[in-house]
Every structure is written in structure tokens, then in C-alpha cells.
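# Tertiary structure, described
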Amino acid sequence: PGPAGRPDVLVVGGGIGGLSCAYALARRGSRIRVLERAREFGEVGAGLQIAPNCTRVLAEYGLLDEARALGVVPRDMVMRDALDGRVLTRLDLRDLERRYGHPYMVIHRTDLQGIFLRACERAGVELLTDRTVVGYENAEDGARVVLADGRVETAPLVVAADGLHSVARRLLVGDDVVSSDYVAYRAAVPIERVRGNDIAEKDVTVYVGPRCHFVQYALRGGEVFNQVAVFESPGALAGEADWGTPEELDAAFAGTCDTVRQGIPLMWRDRRWQMLDRDPIDTWVHGRVVLLGDAAHPPLQYMAQGAIMAIEDGWVLAAHLARQVGTATPDASPDWDAALAAYEAVRVEHCRRVQTTARAWGELWHLDGTPRLQRNALLRARDVHDYSFTDWVYGPTALTPDELPPMFAPIPLSSAVVEDAEAVPRS
Ligand code: FAD
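Reference entry: report on the structure contained in this document. Keep in mind it's a predicted model, so treat the numbers as computed, not measured.

### Notes on the pattern of salt bridges
Applying the stated criterion to the full structure yields 31 salt bridges. Residue Asp76 is joined to Arg90 by a salt bridge in which the shortest nitrogen-to-oxygen separation is 3.0 Å. With Asp76 in strand S4 (residues 76–81) and Arg90 in strand S5 (residues 87–92), this pair connects stretches of sequence that are 14 residues apart. By relative accessible area, which is 12% here, Asp76 ends up buried. In this structure Arg90 comes out as partly exposed when scored by relative accessible area, which is 30%. Residues joined by salt bridges that share partners form a network here, namely Asp81, Asp84, Arg372 and Arg375.

### Observations concerning the site of the ligand
Neighbouring residues of the ligand: 31 residues in total, closest Gly17, Glu36, Gln49, Arg109 and Asp294. Take Arg109: an N or O atom from its side chain is 2.8 Å from an oxygen atom of the ligand. One nitrogen or oxygen atom from the main chain of Ala307 is found 2.9 Å from an oxygen atom belonging to the ligand. Calculation on the ligand without its partners gives an accessible area of 1000 Å², and the protein chains cover 87% of this total. When contributions to the shell around the ligand are tallied by element, the ones reaching two or more residues are helix H1 (16–26), strand S3 (47–50) and helix H10 (306–323). Of the residues that constitute the shell around the ligand, the class distribution is 11 nonpolar, 12 polar and 8 charged.

### Things to note about the pairing of strand S14 (residues 212–219)
Across the 8 residues of S14, 8 count as buried, placing the element largely inside the fold. The two faces of S14 match: Cys212, Phe214, Gln216 and Ala218 on one face and His213, Val215, Tyr217 and Leu219 on the other face are all buried. Both strand S13 (residues 204–209) and S14 contribute to a ladder of 5 bridges, which runs antiparallel. Opposite Tyr207, over in S14, you have Phe214 as the bridge partner. Connecting S13 to the antiparallel partner S14 that follows it, the hairpin turn spans 2 residues, and Arg211 within it adopts a positive phi of roughly 60°. Strand direction decides the pairing type here: S14 and strand S15 (residues 224–232), joined by 8 bridges, are antiparallel. Counterpart to Ala218 in the pairing with S15 is Phe225.

### Here's the deal with the state of the cysteines
Between two cysteines, a covalent bond joining their sulfur atoms is known as a disulfide. This structure, assessed with the given rule, holds 0 disulfides. Cys120 carries a free sulfur, and the closest cysteine sulfur to it, the one in Cys21, is 9.2 Å from it. The exposure class assigned to Cys120 is buried, which follows from its relative accessible area of 0%. Free cysteine: Cys212, not disulfide-bonded; nearest cysteine sulfur from Cys257 at 9.6 Å. Residue class for Cys212 comes out buried when judged on its relative accessible area of 1%.

### A closer look at the packing of aromatic side chains
A complete count under the given rule lists 10 aromatic pairs for this structure. An aromatic cluster is built from Tyr100, Tyr104, Tyr387 and Tyr394, whose rings are joined through pairwise contacts. Taking the ring centre of Trp392 as reference, the NZ or CZ of Arg353 above it sits at 5.0 Å.

### Focus: the layout of surface pockets
If a probe as big as a water molecule is rolled over the atoms, it shows which places are left empty. Taken as a whole, the second largest pocket holds about 280 Å³ of empty space. In terms of lining, the second largest pocket is formed by 16 residues, of which the most central are Asp8, Ser30, Ala332, Ser333 and Pro334. The element best represented in the lining of the second largest pocket is H10, accounting for 3 residues. Here the residues of the lining of the second largest pocket sort into 9 nonpolar, 3 polar and 4 charged.

### With respect to the packing of H10 against helix H11 (residues 336–365)
Across the interface, H10 lies against H11 with an axial gap of 9 Å and an inter-helix angle of 155°. As the angle between them shows, H10 and H11 are arranged roughly antiparallel. Read as a crossing pair, H10 and H11 show a hand that is right-handed. Residues Met309, Glu312, Asp313, Val316, Leu317, His320 and Leu321 of H10 form the contact with H11, whose own contacting residues are Trp336, Ala339, Leu340, Ala342, Tyr343, Val346, Arg347, His350, Cys351 and Val354. Across the contact of H10 with H11, the residue classes tally to 12 nonpolar, 2 polar and 3 charged.

### Points about the nonpolar core
One finds Ile32, Leu58, Leu112, Phe116, Tyr136 and Val159 to be the most contacted residues of the largest nonpolar core, which totals 114 residues. Once residues within four sequence positions are removed from consideration, Phe116 is found in contact with Ile16, Leu19, Ser20, Leu58, Tyr61, Leu63 and Ile311. Core analysis: the next-biggest nonpolar cluster, separate from the first, contains 17 residues, Ala82, Phe214, Ala236 and Cys257 among them.

Definitions and cut-offs
- Each residue is numbered by its place in its chain's sequence as written, counting from 1.
- Thresholds applied to this predicted model are a pLDDT of at least 70 for local features of residues and 80 or more for the giving and counting of side-chain atom pairs; totals over whole chains, interfaces and linings are not thresholded and use all residues.
- The side-chain quantities take in all heavy atoms of the structure and omit both hydrogens and water.
- By salt bridge we mean one thing: a side-chain nitrogen of Lys or Arg within 4 Å of a carboxyl oxygen of Asp or Glu.
- Secondary structure is summarised from DSSP: a helix means a run of H or I of at least four residues, a strand means a run of E of at least two, and numbering begins at the N terminus for each.
- With a 1.4 Å probe rolled over the protein chains alone, any residue whose accessible area is under 20% of its type maximum counts as buried; one over 50% counts as exposed, and the rest are partly exposed.
- Working definition: residue near molecule or strand if any one of its non-hydrogen atoms lies within 4 Å of it.
- Each polar contact in these results corresponds to two N or O atoms within 3.5 Å; when the atoms are within protein, one needs to be able to donate a hydrogen and the other to accept it, and residues that are neighboring in sequence are counted only if both atoms are side-chain atoms.
- In short, Shrake-Rupley with a 1.4 Å probe defines the accessible areas, and a residue's cover is counted only from the protein chains shown.
- Lys, Arg, Asp and Glu make up the charged group, whereas Ala, Val, Leu, Ile, Met, Phe, Trp, Tyr, Cys and Pro make up the nonpolar group; the residues left over, Gly among them, are polar.
- Strand pairing follows a simple DSSP-based rule, namely that at least 2 bridges must link the two strands.
- Disulfides are defined as cysteine sulfur pairs within 2.5 Å.
- To pair, rings of Phe, Tyr and Trp, with the six-membered ring standing in for Trp, must have centres within 6.5 Å; the planes then decide the type, stacked if under 30 degrees apart, edge-to-face if over 60, and tilted in the middle.
- Lysine NZ or arginine CZ positioned within 6 Å of the ring centre and within 35 degrees of the ring normal marks a charge as sitting over the ring.
- The method works on a 1 Å grid over the protein atoms by themselves. A cavity is a set of points holding a 1.4 Å probe that cannot get out, a pocket is an open set with protein on both sides within 12 Å along at least five of seven lines, and residues with an atom within 4 Å of a point line them.
- Grid points are joined across faces, edges and corners, and a volume is the space filled by probe spheres set on the points.
- Angles here are taken between N-to-C directions and fall from 0 to 180 degrees, while the axes themselves are lines fitted to C-alpha atoms, restricted in helices to the stretch in contact.
- For classification, angles of less than 35 degrees are called roughly parallel, those exceeding 145 degrees roughly antiparallel, those between 65 and 115 degrees roughly perpendicular, and all remaining angles oblique.
- Helix crossings are classified by the rotation of the near helix relative to the far one: an anticlockwise turn of less than a right angle makes the crossing left-handed, while a clockwise turn makes it right-handed.
- Only heavy atoms enter the contact rule, under which two residues are in contact if any of them lie within 4.5 Å.
- Put simply, a nonpolar core is a bunch of buried Ala, Val, Leu, Ile, Met, Phe, Trp, Tyr and Cys residues held in one set by side-chain atoms that sit within 4.5 Å of each other.

In C-alpha cells form, the structure reads like this:
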């Protein structure tokens, strides 16, 4: 950093969103300081699916080969009914890669975060741990953050990438998280432990069932098997404080097909993730403090786009800052406010669609009774190579509102179909 060690940008939070943003800005020449609350940088959890709208960005950063070496490029994404196990529909991921120009991959969260951490180190990002930010203020020439120990840091721009329970979001927006009453259990086990089970090692498989679903795929070159079990918690519906217990997990999957039930005993039982999101908001920019990643748009994870949106955010912000260099001042500093306005103008709308579509996807996945059978019939009729549901999300990341796919009038069939009706091809 330059005079008095002041960086150009302070990034609060060193998760995948914060680190990828730090790298995106540093590779274009900005001086970046990351402030992370934890004692070390690390991720909790197991696998992440990263679709072409993410691997495209990794390719531009020169990080895709490393991701390929650490992850897996699966063959198909297969959706099955969790009760009878039958195939409902699938995505041919080789064909998908041809269409979008970049692979659909799965990778361990720790590995993806490690890729960004090393990239940040190479790009000279200052990476500081044990720094808890408790306050944000705008200042004449930027913004300042207040740390828990009373220290103050300033910069022309502060990026708040402090996650679902963001302090910045609480102070600047003041809304609450929204509980879906669903909970996730995760597991990553050596592949040998599931070899006797009826698994498809080369695919991402999603079993959708009444009030539950189950995801399986191999990670780390196929050596590790990742599973996610998600269900609606009766305890949450009853208003209990301690909801989503392991007993509820067993009960939720008791009626599912053999393959799903074989997987349940392998789930980690000492940790669970209550599925929370927030309602979309229109304003992410507050003076020189800007929200990014889950702090701005935490989704339910049904579209597997949360981390991806965070990565796209940093890419878009960095591109707009680069465009604004020297436009407001004769020196090399960007027109920060113009870049922030451009970032907000395009990202808010895209992320709103992902958040609302993810909620609708969840409803569709978890149907029971006749609606379940109707869904199954519709999904079985889908052409495997119909990409009208994925173009708007897996296609190139928009830099301006003009590049966003157009909105079509919703078809009034069901809430799920209404949201999906937005999913139209770009051309
Ligand atoms: P976080 O990862 O929450 O990082 C926030 C960071 O800020 C943390 O390091 C935290 O310690 C730090 N911090 C917090 N408060 C402070 C403070 N006051 N001061 C300083 N530092 C602070 N996404 C996908 O793209 N694909 C998937 O397949 C996928 N699957 C998922 C499955 C499940 C079960 C879940 C729960 C989520 C899934 N997601 C997926 C979503 C994804 O995990 C998140 O959207 C993503 O990790 C958000 O990244 P982030 O950096 O914005 O926030």
C-alpha cells in the first residue's frame, strides 16, 4: 500500500466472495487489504458445484487449470425421484460445456478458496486475519471501518463481503434473514466407503422428494464422495428453538428409495445448516460501502449459484472500476461512484432472479401427491438438450443491464413455472 499504508479498497470477509473480489481488483492494479474475522482463512462444508458462468471467470483469471486439477468434471447432472428412484431429466454436461464454452465442475470448497487465497498472495493482496469489523462509516474521501478492538481503517472503497449474517447488512439495511424451515446435512467421505452402494460416481445426482432432496457427487479427482441431505424440519414448523435434529433427518428420509437411504447414515451428524436466505433488495451501494456475495444476495442453494454470484460480483466490480480509471480525476484513480452505480445497476437484477428462482425451484423439488406426479411427467418430457432454463444463468455474465436477458411475461401456471418462464434463451 501507498502513503500511510492506505489501500485503495478494504475487503471485509475472506470467504470465497471476499477473496475472489480481492483478487479481481488486485490483478487490475488496485492495492487491496482483506480483513477476516477468523484466525485463519478456511471454509466449512464440502462440495461446491461451479457452473460455466463461474468457470468462465476462472478461465479469464488463469485459474481454471488449477481448479480442473483439484476438482471433477462430471458426465451428467441427473435428476431422479427420491421415492421411486426413477430418472426424471438430465443435463449432458459435455454438451453443456460445448454450448457455454466452459465446463460445469464440482470442487471442494476448501480447494476453491485455496485457489483464490494463493492468487491473492501472488497478486500482493494484504491478507489480515483476526480482524472483526463492527462498524462502517462514510468519510469525506471514502469510508472507514471500525474493528472490535477499536482500531479504524480507511480506504476510498469498502467492500462488505461478510456473508449471510453480515454486520454491514444489519447496519445499512437492517432486514432479517428469512427461514425456509429446511435444513441441510452434509458429508464428504472416502469413495471406498460408498463403493458398495448404488451410486453413479461420474454424475451429479439430485433426488427430489416430498419435503426433501438428496445430492450426490464425487470430488477431488473422484477420491471423495460428497452428499447433501436437505429436508423440511417439523421442529421448525412447530416453532421449536432446536430444529433440524439428526432424528428428524432419519425420519425425513425413511420413505425414500434404497440408494438415498443407504446414504443417510454417512451424513455428518454433529453439524447442520439451517437453510436461510433474505428477500432481494435494490440498494447494495451506501456511499463508499458496497455489499457483495451473501451479504448482498444470500440465496437458498437450490440453483447452486451462491458462491458463483459472489465470484461474478467481484469480476463485474473490477471491470467497471477499470473502465472508470482516470475519468473523474486526472490521476489513475477511478471514478468510484460511477463504477459502483454500474455494478449495482446490473448485479441487483440478476441476483434477484437467482434468489427468487431458487425459492421456486425448492417448491418444485419438494412437491408431494398429485403435483409431484405432474412435475415428474413434465420433467420426463423435457428434451435433454433444451437449454431454455439455463441460458440466462450459465451464459456470459452481464456487465450492463442491456446485456441481461429480456424479461418475458410470466405464464400463470404455478409459482415455480412463473419464475422459470423468465428463463429464456438470449438470442
Ligand atoms: P461467506 O462464505 O459466508 O464468507 C464470509 C466471510 O466473512 C467469512 O470468512 C467470515 O468469517 C467473514 N466475516 C463475517 N463477519 C465478519 C466481520 N464482522 N468482520 C470480518 N470478517 C467477517 N454456492 C454455489 O455457488 N454452488 C453450490 O453448489 C453451493 N452449494 C451450497 C450448499 C449448501 C448446503 C449451502 C449452505 C450453500 C451452498 N452454496 C453454493 C452457497 C455458497 O456457499 C455461499 O453463497 C458462498 O459461500 C457465499 O460466500 P461469501 O464469501 O459471500 O460469504
